[in-house]
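Here are the chains, one letter per residue:
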Amino acid sequence: MFGNEDSNSNEDSYVERLLDCIKNGKLPEDRRNAMAELQAVVAESHSAQLAFGTMGFPVLFGVLKELDDVEMVRGAVETLLSALMPISQAKSHKNEVQPAMMNADLLSRDEQNISLLLNLLSEDDFYVRYYTLQLLTALLTNSHVRLQEAILTIPRGITRLVDMLMDREVIRNEALLLLTYLTREAEEIQKILVFEGAFEKIFSIIKEEGGSDGGVVVQDCLELLNNLIRSNASNQVLLRETIGFDSLISILKLRGSTYSFSQQKTINLLCVLETIRLLMNGGSEADPAKQSEKSTNKTVLAQRKVLDHLLMLGVESQWASVAVRCAAFRCIGDLIYGHRQNLDALASKFLGDEPQVEPALNSILRIILRTSSTQEFVAADYVFKSFCEENTDGQKVLASMLIPQPLSLTHAPFEEDVNMSFGSMLLHGLALSEHDGDLETSCRAASVLSYILKDNIQCKEKVLKIEIESPTPSLGTTEPLLHRMVKYLALAFSKKGKDVKSTNSYVQPIILKLLVTWLSDCPNAVHSFLASRPHLTYLIELISNNDTTVCVRGLAAVLLGECVIFNKSIESGKDAFSIVDAISQKIGLTSYFQTLEEMQKSFVFSSAKPATKMNDNSVSDVEDVEDDVASDPKNEDHPMLAEMFDSQFVNFIKNLETSIRDGVVNLYSHPKSDVSVIPAELEQRKDEADVDYIKRLKLFLEKQCSEIQDLLNRNTILAEDLAKTGGDNSSQTEPRPNSGSDRVQIEKLKRDLLEASQRVDMLKNDNSKLENEVSSYKTLSAKIENDLKSLSDAYNSLEQANYHLENEVKALKNGGSTMGSGLNIEAIKAEAREEAQKESEAELGDLLVCLGQEQSKVEKLSARLMELGEDVDALLEGIGDDTGALDDEDDDEDEDNEK
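Quantities reported herein were computed from a predicted structural model and do not represent experimental measurements. (Residues numbered from 1 in each chain as written. Predicted model: local features only at pLDDT ≥ 70, side-chain atom pairs only at ≥ 80, totals over all residues. Heavy atoms only, no water.)

(A) Local environment of the overall build of the protein chain. Scanning the protein chain from N- to C-terminus turns up 45 helices and 4 strands. For the protein chain, the residues scored as buried account for 45% of the 899 residues in total. Relative to all contacts within the protein chain whose residues are 6 or more apart in sequence, the contacts with residues 24 or more apart total 73%. Surface exposure of the protein chain reaches about 46,000 Å², of which carbon and sulfur atoms provide 51%. (Helix = DSSP H or I, 4+ residues; strand = E, 2+ residues; numbered from the N terminus. Buried < 20%, exposed > 50% of the residue type's maximum accessible area, 1.4 Å probe, protein only. Contact = heavy atoms within 4.5 Å. Areas by Shrake-Rupley, 256 points an atom, 1.4 Å probe, with all protein chains shown as cover.)

(B) Structural detail: the packing of aromatic side chains. Applying the stated rule across the entire model yields 11 aromatic pairs. Residues F52 and F57 carry aromatic rings whose centres are separated by 5.3 Å and whose planes lie at 65° to one another, so their mutual orientation is edge-to-face. By relative accessible area, F52 is classed as buried at 0%. A relative accessible area of 9% means that F57 is categorised as buried. With 6.5 Å between their ring centres and 20° between their planes, F377 and Y506 make a pair best called stacked. One end of the pair, F377, is in helix α23 (residues 374–388); the other, Y506, is in helix α31 (residues 504–519), and 129 residues separate them in sequence. Taken as a pair, F377 and Y506 share a single burial class, namely buried. Each residue in the set F126, Y127, Y130 and Y131 is aromatic and connected to the rest through ring pairs, giving one cluster. Lying over the aromatic face of F126, R168 brings its terminal NZ or CZ to 4.2 Å of the ring centre. (Phe/Tyr/Trp six-rings, centres within 6.5 Å; stacked < 30°, edge-to-face > 60°. Lys NZ or Arg CZ within 6 Å of the ring centre and 35° of its normal.)

(C) Representation of helix α2 (residues 28–44) in the model. A rise of 1.5 Å per residue sets the reference length of α2, with its 17 residues, at 24 Å; its end C-alpha atoms lie 25 Å apart and thus fit the reference within 8%. R31, A34, M35, L38, Q39, V41 and V42 are the residues of α2 that are buried. (Expected span 1.5 Å × (residues − 1).)

(D) The pattern of salt bridges, seen in detail. Considering all chains together, one arrives at 31 salt bridges under this definition. Among the salt bridges present, the one from E208 reaches R172, with a minimum N-O distance of 3.8 Å. In this pair, E208 sits in helix α13 (residues 198–209) while R172 sits in helix α11 (residues 169–182), placing the two residues 36 residues apart along the sequence. On the accessibility criterion, E208 (59% relative accessible area) is exposed. Classification of R172 by relative accessible area gives buried; the value is 6%. In this structure, the salt-bridge partner of R240 is E241, at a minimum N-O distance of 3.4 Å. On the basis of relative accessibility, which here comes to 12%, the residue R240 falls in the buried class. (Salt bridge = Lys/Arg side-chain N within 4 Å of Asp/Glu carboxyl O.)

(E) Geometry of the packing of helix α21 (residues 340–347) against α23. Here α21 crosses α23 at 125°, and the two axes come no closer than 10 Å. Taken together, the axes of α21 and α23 lie oblique to each other. Regarding α21 and α23, the two cross each other, and that crossing is left-handed. Side by side, α21 and α23 meet where L343, L346 and A347 of the first sit next to V383, S386 and F387 of the second. Here the residues of the contact of α21 with α23 sort into 5 nonpolar, 1 polar and no charged. (Axes fitted to C-alpha atoms, helices over the stretch in contact; angles between N-to-C directions. Parallel < 35°, antiparallel > 145°, perpendicular 65-115°, else oblique. Left-handed = near helix turned anticlockwise from the far one by under 90°. Nonpolar A, V, L, I, M, F, W, Y, C, P; charged D, E, K, R; others polar.)

(F) Up close: helix α34 (residues 550–565). Between the first and last C-alpha of α34 there are 23 Å, a value that for 16 residues agrees with the 22 Å anticipated at 1.5 Å per step. Of all 16 residues in α34, 14 are buried; the element is thus mostly enclosed.

(G) Broad picture of the nonpolar core. In terms of nonpolar packing, the biggest core is built from 220 residues, with L38, L64, L161, L346, L481, W518 and L560 touching the most fellow members. Ignoring any residue separated from it by four or fewer positions in sequence, one finds L161 in contact with L118, L121, L133, L136, I151, A175, L178, L179 and L182. (Core = buried A, V, L, I, M, F, W, Y, C linked by side-chain atoms within 4.5 Å.)

(H) Geometry of the side chain of E479. Turning to its location among the elements, E479 is positioned in strand β4 (residues 478–480). A polar contact is formed between the side chain of E479 and the side chain of R484, at a distance of 2.4 Å. When residues no more than four places from it in sequence are discounted, the contact partners of E479 are I466, E467, I468, R484 and K487. (Polar contact = N/O pair within 3.5 Å; in protein donor to acceptor, adjacent residues only side chain to side chain.)

(I) Representation of a negative patch on the surface in the model. On the surface, E831, E835, E839, E843 and D846 cluster together to form a negatively charged patch. Along the chain, D846 falls in helix α43 (residues 819–867). The class for D846 is exposed, based on a relative accessible area of 52%. (Patch = residues over 30% accessible without salt bridge, like charges linked within 9 Å, V, L, I, M, F, W, Y side chains within 5 Å. Lys, Arg positive; Asp, Glu negative; His and termini not counted. Charge placed at Lys NZ, Arg CZ, Asp CG, Glu CD.)

(J) Focus on the packing of helix α35 (residues 576–587) against helix α36 (residues 589–601). As a packed pair, α35 and α36 sit with axes 7 Å apart at the nearest point and diverge in direction by 95°. Of the possible angle classes, the one that applies to α35 and α36 is roughly perpendicular. Seen from α35, the contacting residues are I583, S584 and I587; seen from α36, they are L589, S591 and Y592. Partitioned by chemical class, the residues of the contact of α35 with α36 number 4 nonpolar, 2 polar and no charged.

(K) Spotlight on the confidence of the model for the protein chain. Across the protein chain, the average pLDDT comes to 81, with 80% of residues at 70 or higher. This model gives residues 615–634 a pLDDT under 50, and the stretch forms 30 contacts once residues within four places in sequence are excluded. (pLDDT = per-residue confidence, 0-100.)

(L) Fine view of the environment of S602. Its location among the elements puts S602 in the loop between α36 and α37 (603–606). Considering only alpha carbons, one finds S602 and T549, 53 residues apart in sequence, at a separation of 9.5 Å.

(M) Unusual backbone geometry, seen in detail. The backbone of E185 sits at a positive phi, close to 55°, despite the residue not being glycine. With respect to the helices and strands, E185 occurs in the loop between α11 and α12 (187–195). A residue is classified by how much of its surface remains accessible, and E185, at 83% relative accessible area, is exposed. Despite not being glycine, S231 has its phi angle at roughly 55°, a positive value.

(N) Examining the side chain of D381 more closely. Examined against the element boundaries, D381 turns out to sit in helix α23. One buried charged residue, D381, forms no salt bridge at all, with the nearest opposite charge on K513 at 5.7 Å. Residue contacts for D381: discarding those within four places in its chain leaves I368, S447, V448, Y451 and M644.

(O) Main features of the state of the cysteines. Scanning the entire structure with this criterion turns up 0 disulfides. As a non-bridged cysteine, C459 has C388 as the owner of its nearest cysteine sulfur, 8.4 Å distant. Residue C459 is classed as buried on the basis of its relative accessible area of 2%. (Disulfide = S-S within 2.5 Å.)

What follows is the structure in structure tokens.
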């Protein structure tokens, strides 16, 4: 310890003596020697760097201000550079002071120091300019933001740096590195550089160096270009409107008869492909004109035939590295995404030479099915994803090509697929696994099919009708394509334990992705899936099996949930109620919702990338994805799935999960609409009156309704509690404004109100009918009363006539009439009586008939009125009183006459 302290002290004093000699030395030679010694000790000693930082900067910047002695200036700049360069030590502590960083911080604090260094760039001495550029680059490494701010405030500071691009080659290259570091995340500096003519200088250097065949200088130029246009809409517009894209696209052209791809050329091509992607991604997210600028850039690039060059690199060039082919595929995907003209251009593009000419989409599909690189599969798969996104017509065209082939072609080797159509090749890939036991090819074909079916109900219905022949010719049977994919899903799980290949770790998730996409908003697909009872059983087993990954269990749970919310079947055992019952009994709602929650927290879903931005591999990271499969021991899923399951798919799954939770809650809150079994106690008993039967049924139904409402209330609260515990965000844990009990009570009140209103309407109708009937009965009663009165009057008139005749007979008797006259009178009286009796009997007969009919009507009306609850006696009260009074008066008159 003490020895080290003595050594540090000696070095401090030695540095101090050298600085004193430089500042106060009389002889120029002594000062130069002291500067050289100081530079050497600072470059080698950790403690010397610390000592220099405490007292050396004022001395050396004093030398830089004089500019009389070029050698001294050169030595001062070189010494400053050494003070900022880290020195590696065999033993270093974590919290030990880093002299290089401390010195860089001290130097950059004074803006005058930066201004003085920039002025040195105009010196004639080559080494002064060279070391000054290296010194500024070292400053940028340790004090990035401070140096950027200082350069912006210094007049013509950036102009001096841009002028260095036209200097000698070594200085130009150093200036390129400095500007590349300087323009990272510095929009103002980017704009100033462009106005200073940086684009012209960059493309001039690239052309001088030989384009993509050039060396590392081309790479530096392209990296600087990418910094200038990355998320900078104004610079992209200037590049498009001034220089144009021709110079950029010319770098993609492959020259020579033998396309050789050195490592540097591969890096250069990756850089220019990144430039094209940056142009197609437009400016920053906050720019309101981003979408229009993206579309304009894509249009101009397509007009410059960039698609031909990209297809050459990605599809036709067999000499390009996997990294270059992948970058070309990603560029193609970005070029056609959301751009109708470019979509049509790719759909109509043909590749190859006569007679082996085929559509470009066929060639890309063949690469997907046949490549041995997972990274290349992902990149080519992105092309079909971009092609089908919001392209309903394109999806229909691809789906229309899916025509089943004979068994001989379906299981033909891949070498014979050159002349196949797109649909035949895709079905060939889907069915190939059954032939050779390789599920990876079917998995890749399933990924392409999922894009064709996405959000397109017509394509889903069409593909649902496709039948694939059995792999065993002797059976001669066919099965739906949907059932075949479920079969492959089960086969992938059975192979997982036997096959140690990493590919099987993404086969199940991708097949599940296809099934989830297919069943979404397609009741017919759900019906087809549930048509085979083992499908539901296997799905439940897959969710309950802890040997599968979190992602597989979660997607299987989503698929099962789709069988609930998109289920329109009324068949027992296959309807939504039966699926929910199966979940509750065989999985448990808590475990089911927990599975969905774990999926959302998994690596695949938490690291999902934006839908239109795939992972841009840096130039130093061109290895395949397979090399990183086992990088994270906690991650059970294949890293490739993080790119396949982009944020768009993750959001789709999240929305489905919400719908599934609500669907399960609703099914628990509402009973089935149809009741097919009638309990025996509802049958009418023997000798039971209808009124008693109706009363008993009413009591039974009221009791059942009360019990059902209680059960629904409990089920709703239970289901919502389970949904809340299964949720993964705070909003799900908050109480909902409409709880389960409230919803049930509201539903009950609504039903009661509806029933009450219906009963009121029915009573109103009955009351109106009763009023009409009562009015008709009153009219009929009045008519009967009039008829009775007329009959009574006729009877009284007959009695009076008879009475007068008798009086006349008596008078004749008293007058002493002769016997003959008496006989005649008696005969006349007898005849008159007989005629009067016949007339009265006829009239009485008619009256009795009428009275009988009316009495029958009155009895029926009285019975009906009693059923309706009316008081019959009150209604009939007073009817016939007048008639009775008249009869009494007639009787009294008869008695008086007889007297």
